[in-house]
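Structure at a glance
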2 protein chains.
Amino acid sequence: MPQVHDYIRDGAAIYARSFATIRAEARLARFTPEEERVAVRVIHASGMTDIAEEIRFTPGAALAGRAALLAGRAILCDSQMVAHGITRARLPADNPILCTLQDPEVPELARRIGNTRSAAAVELWGERLEGAVVAIGNAPTALFHLLELIAAGAPRPALVIGMAVGFVGAAESKEALAASGLPAIIVPGRRGGSAMAVAAINALASERE
Amino acid sequence: MPQVHDYIRDGAAIYARSFATIRAEARLARFTPEEERVAVRVIHASGMTDIAEEIRFTPGAALAGRAALLAGRAILCDSQMVAHGITRARLPADNPILCTLQDPEVPELARRIGNTRSAAAVELWGERLEGAVVAIGNAPTALFHLLELIAAGAPRPALVIGMAVGFVGAAESKEALAASGLPAIIVPGRRGGSAMAVAAINALASERE
């Protein structure tokens, strides 16, 4: 076969050069080591170094997320893309990964609570929220409703990754998360997405790069 | 339960307002109607209106992708996130969605061809490439190797969605796609990702917004 194109074909070398490029270009000095690993992977997943100036960590949030994963806590995801993007081999305790969006009771539950299916799916997390790592990479309504459930007495997760994306409610839901007092990692504004949320989980899951 | 937060809880209203915001803010005048639907959804998935100025369509590419989906052609994906993000209910012909990255022969094949697992997975698409819609939302090496396989005589897809992301090879692989003569939809440079690739497929799958 003709090797028409000149490119790096070694996966480990690609990762190493990618992370070196990010560390050379992005402004990472304000981060703790754990935060830096998260920021680098979120930048890697998005191709945007300026995320380094935007991403916010509440104090201790990255450590709390890492500790929860080491303790075997569940990872609760708002979308199938997030659930399927997490690299299972990196998880330290074969952590359960849960996305309830396709559960058969979700459409009826959404009608009953007068909210989106993404929000209804969060209600099904139930007691598994206790000490869990929550990854919101898509739906602002899932994040808003999570905050409502916790305000009403639902168990508190160890960490909420707030990376809802888009033009209606994304910025506002992440502001509400920042104001909630919950340990959080947030990409504010309209940007976000499942790839960023996955990158944050993959960074917390292992110190290996 | 206290409704602490004031936000839109109706999924259809959220979509409508999102797309209206995008159409009010993004520069979409240069697009055909089919291209515009793709651009709007890619912007929606990324939270970034300036994608409108970057995204490229080869002439007729969006129509070719739509026709291939109507004809029941397969959707071949470079990552599980892309495969799991596509909204099956939007597909016009129950199109098969294929991601071969987790196939058991991939690691050995990657060693044999001296390339990444993402590139090796593309070799397994075989004859299913003929007239297919290819969605590359992650790996530059998958896109480079696809171009090599086609240059060596592999079947030609109807459309290649080139949205590989990152710092090593992403920009270059998408430039190579643009130069290949294949029908293509491309987000150039470092930006891209599985959410954008999924959005393009979902836009081509149905005219419904």
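Each value, and the rule that gives it
Residues numbered from 1 in each chain as written. Chains lettered and ligands numbered in written order. Predicted model: local features only at pLDDT ≥ 70, side-chain atom pairs only at ≥ 80, totals over all residues. Heavy atoms only, no water. UniProt positions renumbered as here; feature names shortened; annotations may be inferred. Least-squares fit on C-alpha atoms with pLDDT ≥ 70 in both. Contact = heavy atoms within 4.5 Å. Pairing = 2+ DSSP bridges. Helix = DSSP H or I, 4+ residues; strand = E, 2+ residues; numbered from the N terminus. Axes fitted to C-alpha atoms, helices over the stretch in contact; angles between N-to-C directions. Parallel < 35°, antiparallel > 145°, perpendicular 65-115°, else oblique. Left-handed = near helix turned anticlockwise from the far one by under 90°. Nonpolar A, V, L, I, M, F, W, Y, C, P; charged D, E, K, R; others polar.

An unreviewed UniProt entry lists chain A under the name Precorrin isomerase, with Thioflavicoccus mobilis 8321 as the source organism. The UniProt entry for chain A carries the following text under Pathway (unreviewed entry): "Cofactor biosynthesis; adenosylcobalamin biosynthesis."

**Observations concerning the relation of the copies chain A and chain B**
Expressed as a screw transformation, the operator carrying chain A onto chain B has a rotation angle of 180 degrees and an axial translation of 0.0 Å, and the superposed copies differ by an RMSD of 0.0 Å. In short, the pair behaves as if placed about a two-fold rotation axis. When each C-alpha of chain A is compared by its distance to the rotation axis, Met81(A) comes out closest, at 2.5 Å. A symmetric contact is evident, with 100% of the interface residues of chain A recurring at the interface of chain B.

**Side note on the sheet that holds strand β3 (residues 97–98) of chain A**
Residue and element names in this part refer to chain A. The six strands lie next to each other as β1-β6-β5-β4-β2-β3, forming an open sheet whose pairing is mixed. On the outer flanks of this sheet lie β1 (56–57) and β3, each paired with one strand and no other. In terms of strand pairing, strand β5 (residues 159–162) meets strand β6 (residues 184–186) through three bridges, oriented parallel. Along β6, the bridge assignment pairs Ile-161 with Ile-185. On the sheet, helix α8 (residues 170–178) packs against β1, β5 and β6 and is oriented at approximately 150 degrees with respect to β6.

**Observations regarding the packing of helix α3 (residues 61–70) of chain A against helix α9 (residues 194–205) of chain A**
Residues and elements named next belong to chain A. Packing of α3 against α9 leaves a shortest axis separation of 9 Å and a crossing angle of 70 degrees. Considering their axes alone, α3 and α9 lie roughly perpendicular with respect to each other. Crossing of α3 against α9: the hand is right-handed. Contacts between α3 and α9 pair Ala-62, Gly-65, Arg-66 and Leu-69 from the former with Ile-201, Leu-204 and Ala-205 from the latter. When the residues that make up the contact of α3 with α9 are grouped by side-chain class, the tally is five nonpolar, one polar and one charged.

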